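# Remarks on the overall topology
In case you want the letters, here they are:
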Amino acid sequence: QVQLVESGGGSVQAGGSLTLSCVAPASRYRIYTMGWFRQGPGGQRDLVAGITAGFNTTYADFVKGRFIISRDHGKDTVYLRMNNLQPDDAGVYYCNKIPPHPQYWGQGTQVTVSG
């Protein structure tokens, strides 16, 4: 298995928070720069945040100050803490290496924001 497994999505009101998790199937993913991507209504997947193996982080402008990406090498897991969620943040969230590998896409996790 090479696909990543995302979880943690749900429905929240505007201003709420969620924490997404992405579990890698093998420890080799620890060397990759990993990212969270959001798929919007048009089907495109936009990079939201990224983190290197050495824990350096980058964020899209529209989430700066609200989202925090982190990773735990011991658990082969990448997290995305999303604060002050807004309706425009809704969508299906995926994780993958950066640049993405087509075979690594998982099922994603749905985030819905009302209000």
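Note that the structure is predicted; figures quoted are calculated from it, not measured.

As a further point, take the side chain of Lys-97. If you trace the backbone, Lys-97 turns up in strand E9 (residues 91-97). Although Lys-97 is buried, it makes no salt bridge; Glu-6 carries the closest opposite charge, 14 Å away. Among the polar contacts listed, one links the side chain of Lys-97 to the backbone oxygen of Pro-99, at a separation of 3.1 Å. Setting aside its immediate chain neighbours within four residues, Lys-97 contacts Tyr-32, Thr-33, Met-34, Phe-37 and Tyr-104.

This part is about the sheet that holds strand E7 (residues 67-72). Ordered in space as E1-E3-E8-E7, the 4 strands form an open sheet in which the pairing is antiparallel. The strands lining the two open edges of the sheet, one partner per strand, are strand E1 (5-7) and E7. With strand direction ignored, the average angle separating the axes of adjacent strands in the sheet is 15°.

With mixed pairing, the 6 strands of this open sheet are ordered in space as E2-E10-E9-E4-E5-E6. Both edges of this open sheet fall to strand E2 (10-13) and strand E6 (57-59), since each of them pairs with a single strand only. Pairwise comparison of adjacent strand axes, ignoring direction, gives a mean angle of 30° for this sheet. Pairing between strand E4 (residues 34-39) and strand E5 (residues 45-51): 6 bridges, direction antiparallel. Bridging from a neighbouring strand, Gly-35 pairs with Gly-50 of E5.

Attention now goes to empty space enclosed by the protein. For the structure shown, the criterion picks out 1 cavity of 30 Å³ or more. Ala-24, Arg-71, Asp-76, Thr-77 and Val-78 are the residues nearest the centre of the largest cavity, which is lined by 13 residues in total. Taken together, the elements giving at least two residues each to the lining of the largest cavity come down to strand E3 (18-23), E7 and strand E8 (77-82). Across the lining of the largest cavity, the residue classes break down as 7 nonpolar, 2 polar and 4 charged.

This brings us to the nonpolar core. Within the largest apolar cluster, 27 residues are counted, with the highest numbers of intra-cluster contacts made by Leu-4, Trp-36, Phe-67, Leu-80, Met-82 and Tyr-93. Of all elements in the fold, only E3, E4, E5, E7, E8, E9 and strand E10 (109-114) reach the threshold of two or more residues within this core. Look past the residues within four positions of Leu-4 in its chain and what remains in contact with it is Cys-22, Val-23, Ala-24, Pro-25, Tyr-29, Met-34, Cys-95, Asn-96, Tyr-104 and Gly-106.

What counts and how
- Residues numbered from 1 in each chain as written.
- Predicted model: local features only at pLDDT ≥ 70, side-chain atom pairs only at ≥ 80, totals over all residues.
- Heavy atoms only, no water.
- Helix = DSSP H or I, 4+ residues; strand = E, 2+ residues; numbered from the N terminus.
- Buried < 20%, exposed > 50% of the residue type's maximum accessible area, 1.4 Å probe, protein only.
- Lys, Arg positive; Asp, Glu negative; His and termini not counted.
- Salt bridge = Lys/Arg side-chain N within 4 Å of Asp/Glu carboxyl O.
- Polar contact = N/O pair within 3.5 Å; in protein donor to acceptor, adjacent residues only side chain to side chain.
- Contact = heavy atoms within 4.5 Å.
- Pairing = 2+ DSSP bridges.
- Axes fitted to C-alpha atoms, helices over the stretch in contact; angles between N-to-C directions.
- 1 Å grid on protein atoms, 1.4 Å probe; cavity = no way out; pocket = protein on both sides within 12 Å on 5 of 7 lines; lining within 4 Å.
- Points joined across faces, edges and corners; volume = space filled by probe spheres on them.
- Nonpolar A, V, L, I, M, F, W, Y, C, P; charged D, E, K, R; others polar.
- Core = buried A, V, L, I, M, F, W, Y, C linked by side-chain atoms within 4.5 Å.

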